[in-house]
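Structural overview for review
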Amino acid sequence: MSGCRNRASRAVEADPAAILAGIRGNILRGDLNHAQEQAEEQRKRFASQNAEWELKFRLLEAEIFSLEGQSQDVLALLDADSYQYPDSGEAAIKRQMLCSLAHAHTGQQQLADGELERARGLSESTHSQLEGEVLQTQGVIETRRNHLAKAGDVFRQSLAIARQQKDQLLEAGDLLNLGWLALQSEHYDEALDWFSRSSRIARSIDARVILETDLGNVGWALYKLGDFEKALVNLQQAEEQARILGASVNRIEWLNNAGLCLYRLGDLKGAENYYRKALEAAEALHNKELIADAHTWIGFLYFDRGQFEAARSEADKALAAARSLNDKSAELDPQFLEALLDVRRVQNPNRLLSLDRDAAGVPSLRWEVENAIGDFYMGRHDLPQAKLWYGSSIALFEAQRNAVQDEELKLPFFANGDALYRDYADLLIESGKSDKALEFLDVGRARTLQEGLEPRGTISRKTQEKAIAPQSVARRLNATILFYSLGPQKSYLWAVTPNRVQIFTLPPQADIDARVRRYQKAILRSSDPLREANGDGRALYDALVAPAASIIPNGSRVFVIPDGSLNALNFETLLAPGIGGSRYWIESVTITNANSIRLLSGLAAEGSEPPARNLLLIGNPFLPSSEYERLPNAAAEITEIAAHFPPGSRTMLTQAEAVPASYSASHPDRYAYIHFVAHGTASRLSPLDSAIVLSAEPQRPDNFKLYARDIVHQHLHARLVTISTCYGSGQRAYAGEGLVGLSWAFLRAGSHNVIGALWEVNDASTPQLMDRLYAELQNGAAPDAALRTAKLSLIHSGDVYRKPLYWGAFQLYSGS
């Protein structure tokens, strides 16, 4: 019996069709190294036994080399004089496709065209089953030559054939390639849709190389959308998968792109590490395109460090590699670096002007080029020319932003234009028009929030730019508005009172960021900044508030419109000078956070809120899992809050009734006050995945979260929404948008005011604070004054709750 089993085993092992199928399975799953070893072994095995199977394994080995980006190995195998290849049939078509791709990757365009033409002719004359693959190959080559419209046509033809033949692997590849074309055309919504469809099919057939490529391409799309943190995670995951799969070319792409993310996030050392890894790997493959990319990005690092000779050396190497490809688009980025270096050396913008014309089809590069031209004229104090080029750059950026339709994708996009807006504001300030600079910067703030609050189609760029007189807003609200703009060289504060607008110059962003981080850490350690005379708490007041302190009346209302790291800072906790020492700034003024002056212009004036007194109270849910700790005081908080409203004016949903679906079912648009008592989660990478943790629905035990992305679609008229959960304010601040999380979602839904938490809230102190808040509201106080009084009651309690850890988490955000 054992002998029979051995003979059967040997027979199966010797079956070339089974071996071929097994190797193809390894290719599909992305085990390229193992597949290549197997194919080479079988090719050599059949070299003297069976010419037909030797040819099949030879072509398979070349296909694996092609997937790995080893074009020279493809040509060495398929162009070998020692082997006679057939002139017709499927094998001939396959060989010609692979050679065409390899020649295209090595910059030999005429050879690539010749091989492709022969493959296409054979396929058409024989009605080959490989017709879709031939078209896909043509599309890849057209893409490399930047013939994007032609590439799109042939990919769609290939896609139609793939669906007709029910070839899911070909279909997934075509969808991926169409996504890449959309990405090259900077149509990001469309690109992400193609990648999603490709991934669904690839996942169903376990096509791991396509899944890895989709993942990396999504990362690149997110980078172009300005979401550098999320892009970095995608790209790092894709790079790791490419390394495991042996997809060398993809891995180098993801290394370079991850480096760009780190660069934009300010980690220059980390960026250089990625670039150099990419360069080393690209040189090992002799891949000129990726070599050019790595040298370019290293050159920009040198440029930023002021090492201009080293930057020029990298630019020269990048251009030499790019020019060997005979692809003008590959030269654009190194040409931009070279043009920036030339501007410094020859003091004229001619190279930049030329590049602006060449980059006409690449808006994201072109707005950077035009901004650099604006910088040149700004440096020469030619303000009219600087204004012209800055304006053109911003118009390009705005056109691209407007092309992004998905609201969530728009949120991070302003990171691409933040510097453009800041440079134009600097121009206006230097021109003596600081008031206009404030109005201009305000146009860039909270754009996604404002657009979401307007009925579709009613808001236009012209409407956005319509002048809003900041002083009239301050006058109507009887308040001072503090508008911050942080920059790498210097920052600005505009203080807007009912009678004037005054600008102050502040320290660079890095200095402010460092102090904010240190002060936040001190607060979260449960320190007592007031008794300990915390230096950062006082220094932040001196830097951010003191310049304007003389025009802020004691006891007045203050609206803070923060920027950057200031979004995570509660200004109430800053240490202001007082009689006999320091005191928290909350003891002098009533502070509310706002997103923009434009949104404040729609805020109801103090005392004009309607007298509605009804409450929707949701909380104290059954905990869905052991992941969430019990909230022993949640029931008490609910009872105390409810006591401030008559029984007929309150709706309470607790425990089993506190499920996500109950929120919309309760018609929250009918309530003036909405309050949640529960755990909260904040997603940094996907802020609209932040959620309030409620009870699980009986029929769907995994459905226990009320997500921010669902909250925005339930329109509200509430005077105040209070999120008595941890991190209700969110953990991610987007450039121009501020913190995005649960608080932002309720503002986006239409709430006039939202109270959210910047950090974990204390289950013991929070009920006390909330009880006092609602007592003040019951007595007719406005939300800002009520919250201030509640906080002061803790500060003056004399016990541990006097520390900012217990009262400083909660912050009031105004809507419109």
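Notes on the structure follow. Residue positions are counted from 1 within each chain, in the order its sequence is given. Only residues with pLDDT of 70 or above have their local features reported here, since the model is predicted, and side-chain atom pairs are shown and tallied only from 80 upward, although totals for entire chains, interfaces and linings are computed over all residues. Derived side-chain values reflect all non-hydrogen atoms in the structure, with water molecules and hydrogen atoms excluded from consideration.

So, on to the overall build of the protein. Helix and strand labels come from DSSP, where a helix needs a run of H or I of at least four residues and a strand needs a run of E of at least two; each type is numbered from the N terminus. Across its full length, the protein holds 38 helices and 18 strands. For a compact globule the rule gives 2.2 Å times the number of residues to the power 0.38, and the radius of gyration it is set against comes from C-alpha atoms. The C-alpha radius of gyration of the protein comes to 31 Å, within 12% of the 28 Å expected for a compact globule of 816 residues. Expressed as lengths along the three principal axes of its C-alpha atoms, the size of the protein is roughly 95 × 80 × 50 Å. Within the protein, the fraction of its 816 residues that count as buried is 58%. Whether two residues are in contact is decided by their heavy atoms, any of which lying within 4.5 Å being enough. A separation of at least 24 residues holds for 68% of the contacts in the protein among residues at least 6 apart in sequence. Burial classification: accessible surface area is computed with a 1.4 Å probe over protein chains only, and a residue below 20% of its type maximum counts as buried, one above 50% as exposed, and the rest as partly exposed.

Our next topic: the sheet that holds strand β12 (residues 691–693). Ordered by their spatial adjacency, three strands build an open sheet running β11-β12-β13, and the pairing between neighbours is antiparallel. Looking at strand neighbours, the two that pair on one side only are β11 (679–681) and β13 (705–707), the edges of this open sheet. Averaged over all pairs of adjacent strands, the angle between strand axes in this sheet comes to 25°, irrespective of strand direction. Pairing of β11 with β12, which is carried by three bridges, proceeds in the antiparallel orientation. Bridge pairing in β12 places glycine 680 opposite isoleucine 692. Any two strands with at least two DSSP-identified bridges between them are counted as paired. Axis definition: a line fitted to C-alpha atoms, over the contacting stretch in the case of helices. Angles run 0 to 180 degrees between N-to-C directions.

Relative to the 20 Å expected for 14 residues at 1.5 Å per residue, helix α36 (residues 765–778) spans 20 Å between its end C-alpha atoms, a close match to the ideal helical length. Within α36, ten of the 14 residues are buried, which leaves it mostly tucked inside the rest of the structure. All of the buried residues along α36 are Ser765, Thr766, Pro767, Leu769, Met770, Leu773, Tyr774, Ala775, Glu776 and Leu777. After α36 finishes, the residue glycine 780 shows a positive phi value of roughly 100°. A helix's residues, less one, multiplied by 1.5 Å, set its expected span.

This brings us to helix α4 (residues 51–67). The end-to-end C-alpha separation of α4 is 24 Å, in line with the 24 Å expected for 17 residues at 1.5 Å each. Burial runs high along α4: twelve of the 17 residues are buried. Those residues of α4 that sit buried are Trp53, Glu54, Leu55, Phe57, Arg58, Leu59, Leu60, Glu61, Ala62, Glu63, Ile64 and Phe65. Each element contacted by the buried residues of α4 is listed here: α2 (16–28), α3 (32–46), α5 (71–78) and α6 (89–105). Here α4 starts with a cap whose side-chain oxygen sits 3.0 Å from the backbone nitrogen of glutamate 52, and that cap is asparagine 50. Side-chain atoms alone can form a polar contact between residues adjacent in sequence; in general such a contact is a pair of N or O atoms within 3.5 Å, and within protein one must be able to donate a hydrogen while the other accepts it.

Relative to the assigned elements, asparagine 26 resides in helix α2. For asparagine 26, the residues in contact, after removing those within four places along its chain, are Asp31, His34, Ala35 and Gln38.

Residues Phe336, Leu352, Ile481, Trp494, Phe559 and Leu600 are the most contacted members of the largest nonpolar core, which totals 123 residues. It is helix α16 (residues 288–304) that contributes the most residues to this core, ten residues altogether. Discounting residues that sit within four places of it in the chain, leucine 600 has contacts with Val473, Arg476, Leu477, Ile481, Phe559, Ile561, Ala594 and Ser814. Side-chain atoms within 4.5 Å link the members of a nonpolar core, which is a set of buried Ala, Val, Leu, Ile, Met, Phe, Trp, Tyr and Cys residues. Core analysis: the second largest hydrophobic core is formed by 103 residues, Tyr541, Val545, Leu694 and Ile755 among them.

So, on to the packing of aromatic side chains. Two rings belonging to Phe, Tyr or Trp (six-membered ring only in the last case) form a pair when the distance between their centres is within 6.5 Å. Interplanar angles under 30 degrees mark stacking, angles over 60 mark edge-to-face geometry, and anything in between is tilted. According to the stated counting rule, one finds 29 aromatic pairs in the structure shown. Between phenylalanine 483 and tryptophan 494 the ring centres are 6.0 Å apart and the planes differ by 80°, which places this aromatic pair in the edge-to-face class. Note that phenylalanine 483 is positioned in strand β1 (residues 479–485) and tryptophan 494 in strand β2 (residues 491–496), a separation of eleven residues in sequence. An identical accessibility class is assigned to phenylalanine 483 and tryptophan 494; each is buried. An aromatic cluster is present here, built from Trp367, Phe397, Phe413, Phe414, Tyr421, Tyr424 and Phe440 joined pairwise through their rings. Lysine and arginine charges are scored as sitting over a ring when NZ or CZ, respectively, is within 6 Å of the ring centre and within 35 degrees of the ring normal. Taking NZ or CZ as reference, lysine 56 lies 4.3 Å from the ring centre of tryptophan 53, over its face.

Turning to the pairing of β2, a few remarks are in order. Counting buried positions along β2 yields six of six residues, so the element is predominantly enclosed. Here β2 shows no split at all, with Ser491, Leu493 and Ala495 on one side and Tyr492, Trp494 and Val496 on the other all buried. As paired strands, β1 and β2 are joined by five bridges and run antiparallel to one another. Residue pairing across strands places leucine 482 opposite alanine 495, the latter belonging to β2. Connecting β1 to the antiparallel partner β2 that follows it, the hairpin turn spans five residues. Looking at chain direction, β2 and strand β3 (residues 501–506) are connected through six bridges and run antiparallel. Paired with tryptophan 494 across the strands is isoleucine 503, a residue of β3. A loop of four residues connects β2 with β3, the two strands running antiparallel in sequence.

Moving on, we come to the packing of helix α19 (residues 350–358) against helix α20 (residues 363–379). Put simply, α19 and α20 touch, their axes get as near as 9 Å, and they point 155° apart. Taken together, α19 and α20 sit at an angle that is classed as roughly antiparallel. Classified by chirality, the crossing of α20 by α19 is left-handed. Residues Leu352, Leu353, Leu355 and Asp356 of α19 touch α20, and the partners they reach there are Arg366, Val369, Glu370, Ala372 and Ile373. Here roughly perpendicular refers to angles of 65 to 115 degrees, roughly parallel to angles under 35, roughly antiparallel to angles over 145, and oblique to all remaining angles. Here a crossing is called left-handed whenever its near helix is offset anticlockwise from the far helix by less than a right angle, and right-handed whenever the offset is clockwise.

A few words on the side chain of serine 662. Along the chain, serine 662 turns up in helix α33 (residues 660–665). Overall, the relative accessible area of 12% leaves serine 662 in the buried class. Leaving out residues up to four positions away in the same chain, serine 662 has contacts with Leu653 and Glu657.

Here serine 588 lies in the loop between β6 (581–584) and β7 (590–593). For the pair serine 588 and alanine 576, spaced twelve residues apart in sequence, the C-alpha to C-alpha distance is 8.6 Å. Apart from the residues within four sequence positions on either side, serine 588 is in contact with Asn554, Gly555, Ser556, Arg583 and Arg788.

Limitation: the analysis is restricted to geometry and does not speak to function.
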